[in-house]
Amino acid sequence: MRAMSVMLDILDLARWAPSGDNSQPWRFEVLADDEVIVHAFDTRRHCVYDLEGHASQLSVGALLETMRIAASAHQRVARVTRRESPAEAPVFDVRFELAPALPADDLHLAIRARSVARRPLSVRRLRLEERQRLESAVGDGYRVVWFESARERLRLAWLAVKSAKIRLTIPEAYAVHRQIIEWNARYSEDRVPDQALGADPLSLRSMRWVMASWDRVQMMNRFFGGTLAPRLQLDLLPGLLCAAHFALVARRPPQDSDDFLAAGAAVQRFWLTATTLGLQLQPQYTPLVFADYARTEVKFTSVESARRRAGWVERRLALLLGEQGAPATVFLGRLGQGRPHSARSLRLPLDRLMVGPP
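Not measured: the values here are computed from a predicted model.

Caption draft 1: Representation of the pattern of salt bridges in the model. Counted under the stated rule, the structure contains 24 salt bridges. Among the ionic pairs, E148 bridges to R131, the shortest N-O distance being 2.3 Å. Of the two residues, E148 is situated in the loop between β5 (142-147) and α4 (150-167) and R131 in helix α3 (residues 128-137); the sequence distance between them amounts to 17 residues. For E148, a relative accessible area of 6% puts it in the buried group. By relative accessible area, R131 is classed as partly exposed at 24%. Several salt bridges share partner residues, and in doing so they unite E65, R68, D105 and R269 into one network.

Set out below in structure tokens:
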């Protein structure tokens, strides 16, 4: 295979890295057949879940790790250097060096298959071998905290329910949800298709009608308990029906964007390992976001009651993970056996992710 074809094949695989709400916060500029510039960006200016850029930084870290994994399948080592660049728009030089003796990382086989599971999963407990492989995947800088018993799953499910109450009742989140859902869709290249949300068809029709305007959302929430059904269907039930919830905890709390980039790499290796083991996974990142806002006193919404609920989430996480562990937690999720959903987010074609001359 020609060198340029190898480069494009690596990028074509790497674009399947996970990103919040399928935002894909990266663009590629090919300089040579062995060198590419990654132009990253965050969504802090328009996404309430990313006001400090951390969610996007995790995604970019996952992308860079995916590039390394994809490159290994072509006996290349990906050397990544970060340029001096704004925090909101970091730039990375990536050079692919030939390494004939380098074995292919088996995780490259799971890159396209990895997806988000938002529906109930098997409650079969994880086997010891599965836990050990998942714990090894994150590297020495992180540890995995498991919540496997029915009582522990209920606690984490309730945490998700309380966080959902915040995101379903603030206008800042409503603005995001309107943008990122593609209705009447099984697949979406740049958003989340409604059929992948985990709701039944009747609920989806109701959701679409309600989300047509903020006035409708407020009316349903005020007079008809509008948040109850989606929280039960999308948060409580899936939170109970799974093998385990987990937290990825760094050895020390992340301090800067480089720490979140490293965390993103650990998240991706954990997720790809789960996929290799035949496990489905759902991120549950919003509790971390709201807890961090409460801890750092970020005024993320004009709704005072939502800010109080964020304080409750922060305190609950501290009880679950410890006063030291909660600020060092970089990712939450649940996982278990289950069939991949037939609906999922896709990715923009590679040519639409390119900037500059090909």
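Caption draft 2: View of empty space enclosed by the protein. The full count for this structure, using the stated rule, is one cavity of 30 Å³ or more. As for the largest cavity, its lining consists of A40, F41, D42, S56, Q57, V60, A87, E88, P90 and L261. Broken down by element, the lining of the largest cavity gets its largest block of residues, three residues, from helix α2 (residues 54-72). Of the residues belonging to the lining of the largest cavity, the class tally is six nonpolar, two polar and two charged.

Caption draft 3: Up close: the sheet that holds strand β3 (residues 76-82). Strand order in the open sheet formed by four strands is β1-β2-β4-β3, with antiparallel pairing between adjacent strands. With partners counted over all chains shown, the strands left at the sheet margins are β1 (26-32) and β3, one partner each. Direction aside, neighbouring strands of the sheet carry axes that sit 25° apart on average. Each of β1, β2 (35-40), β3 and β4 (91-98) is contacted by α2, which is oriented at about 155° to β3, the strand it contacts most.

Caption draft 4: Main features of the packing of aromatic side chains. Inspection of the entire model under this criterion finds nine aromatic pairs. Ring plane angle 35° and centroid distance 6.3 Å describe the contact between W146 and F270, whose orientation is recorded as tilted. Of this pair, W146 sits in strand β5 while F270 is found in helix α9 (residues 257-276), placing the two residues 124 residues apart along the sequence. As far as the burial class goes, W146 and F270 line up, both buried. One aromatic cluster in this structure is built from W146, F246, F270, Y285 and F331. In this arrangement the basic side chain of K162 is found over the ring face of W312, its NZ or CZ atom lying 5.1 Å from the centre.

Cut-offs used in this document
Residues numbered from 1 in each chain as written. Predicted model: local features only at pLDDT ≥ 70, side-chain atom pairs only at ≥ 80, totals over all residues. Heavy atoms only, no water. Salt bridge = Lys/Arg side-chain N within 4 Å of Asp/Glu carboxyl O. Helix = DSSP H or I, 4+ residues; strand = E, 2+ residues; numbered from the N terminus. Buried < 20%, exposed > 50% of the residue type's maximum accessible area, 1.4 Å probe, protein only. 1 Å grid on protein atoms, 1.4 Å probe; cavity = no way out; pocket = protein on both sides within 12 Å on 5 of 7 lines; lining within 4 Å. Points joined across faces, edges and corners; volume = space filled by probe spheres on them. Nonpolar A, V, L, I, M, F, W, Y, C, P; charged D, E, K, R; others polar. Pairing = 2+ DSSP bridges. Axes fitted to C-alpha atoms, helices over the stretch in contact; angles between N-to-C directions. Contact = heavy atoms within 4.5 Å. Phe/Tyr/Trp six-rings, centres within 6.5 Å; stacked < 30°, edge-to-face > 60°. Lys NZ or Arg CZ within 6 Å of the ring centre and 35° of its normal.

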